[in-house]
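Examining the three-dimensional arrangement
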Amino acid sequence: MHDETATTKTKTSIPYLPDELVSEILPRIPVEPLLRFRSVCKAWRGIIDEDSFHREHLRHQTSSLLVAPWIGENDDDGPFASSTGEVTAAGFYQWDGKQQDAATLVHAMPNYHNKMEALHSMAHCDGLVLLPADDTVHVVNPATRRTITLPPTPNAIFRGPHQAFGLGHDPRSNPYKVARLYVHRDRCTPGGDTVRMGVCTIGKGLCWRDAAVSPPPHHFMPRRTATFFKGSLLWIVKQVVPHGSPAAPSFIRFRLEDESFRIVRAPPCTPKLDYEASSLTELRGELCVCAPRAAYDHAVFEM
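Before going into details, it helps to say that this report is about the structure given with it. (Residues numbered from 1 in each chain as written. Predicted model: local features only at pLDDT ≥ 70, side-chain atom pairs only at ≥ 80, totals over all residues. Heavy atoms only, no water.)

Take the side chain of D170 next. One can find D170 in the loop between β11 (163-169) and β12 (176-184). According to the relative accessible area criterion, D170 is buried, its value standing at 1%. A polar contact is formed between the side chain of D170 and the backbone nitrogen of R172, at a distance of 3.0 Å. A distance of 3.1 Å separates the side chain of D170 from the side chain of K177, its partner in a polar contact. (Helix = DSSP H or I, 4+ residues; strand = E, 2+ residues; numbered from the N terminus. Buried < 20%, exposed > 50% of the residue type's maximum accessible area, 1.4 Å probe, protein only. Polar contact = N/O pair within 3.5 Å; in protein donor to acceptor, adjacent residues only side chain to side chain.)

Below, the structure is given as structure tokens:
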């Protein structure tokens, strides 16, 4: 009888944490133990794997830089020599300013190879990183070490360099979306090239579809990945085009919640900025342009 009573007390003394309290605690846990906590039970795994959890966890973290070096496939003793033109991702390194000249490897990517000329610029949103190339697109979460490879983009005959990608969060329906601004060639119609927008929603079957509304007939910068800002993706309009008049400095804006387009005029600047050589970024909640002023010298302007 004594043993049964002791067993009963042991069972009833196991602490229970309500899901509401767990949801408040887990976003404050560092990444390493958080990965282990995914194996505690299905309920905790479900909380950690929610898209909204990633944003909440990111909000509690200190700011840091994410560095992604590329290594050339060397055929001789030269540091950058590569006859094949192929490069390999060295992985993601985190630098927070407290480590002086050292950075911490947070996610290795030994199997990610591509041609240097096929790479697009990277993009990030809420801790997710977009790694696009001419023929492959990856979405990486360096914190959880998880990678999603998107299906091959359609219109493979004419994809190549005539496309530009973007990654952002849809504030209305809540998922993350990868957008693909590309040129579609109608081989049956002379001069039938049109600009289209492909969309792939993360977590919903991972398939590409064309947006219901066509983008405005403006030339975009190929392989220049969009900047995500307040629910929209922004691409810089190509100003100088062959056989056409120069376009005014502007941006193609694609709203993710209703998948609509708008041309946004760039603000007037003195001296005049070279937007095609510049890049957009978000800084303290404001949209900024990082513009080159001279060799190895850049200026940042708030817009």
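Having seen the structure, we can now continue with the description.
Attention now moves to the pairing of β12. For a regular strand, the rule is simple: side chains alternate between the two faces of the sheet. Counting buried residues in β12 gives 9 out of 9 residues, a clear majority hidden from the surface. Burial along β12 is two-sided: Y176, V178, R180, Y182 and H184 facing one way and K177, A179, L181 and V183 facing the other are all buried. Here 7 bridges tie β11 to β12, and the two strands are oriented antiparallel to one another. Counterpart to H169 in the pairing with β12 is Y176. Counted along the chain from β11 to the antiparallel partner β12, the turn is 6 residues long, and its residue N174 has a positive phi close to 85°. (Pairing = 2+ DSSP bridges.)

The next point concerns the pattern of salt bridges. One pass over the full model with this rule turns up 8 salt bridges. Of the charged contacts in the structure, one is a salt bridge between E24 and R28, with a shortest N-O distance of 3.7 Å. Residue R28 is classed as partly exposed on the basis of its relative accessible area of 48%. Measuring nitrogen to oxygen at the nearest pair gives 2.5 Å for the salt bridge that ties R209 to E259. Highlighted residues: R209 in strand β14 (residues 208-210) and E259 in the loop between β17 (250-255) and β18 (260-265), separated in sequence by 50 residues. Classification of R209 as partly exposed rests on a relative accessible area of 36%. The network of salt bridges with common partners includes D170, K177, R209 and E259. (Salt bridge = Lys/Arg side-chain N within 4 Å of Asp/Glu carboxyl O.)

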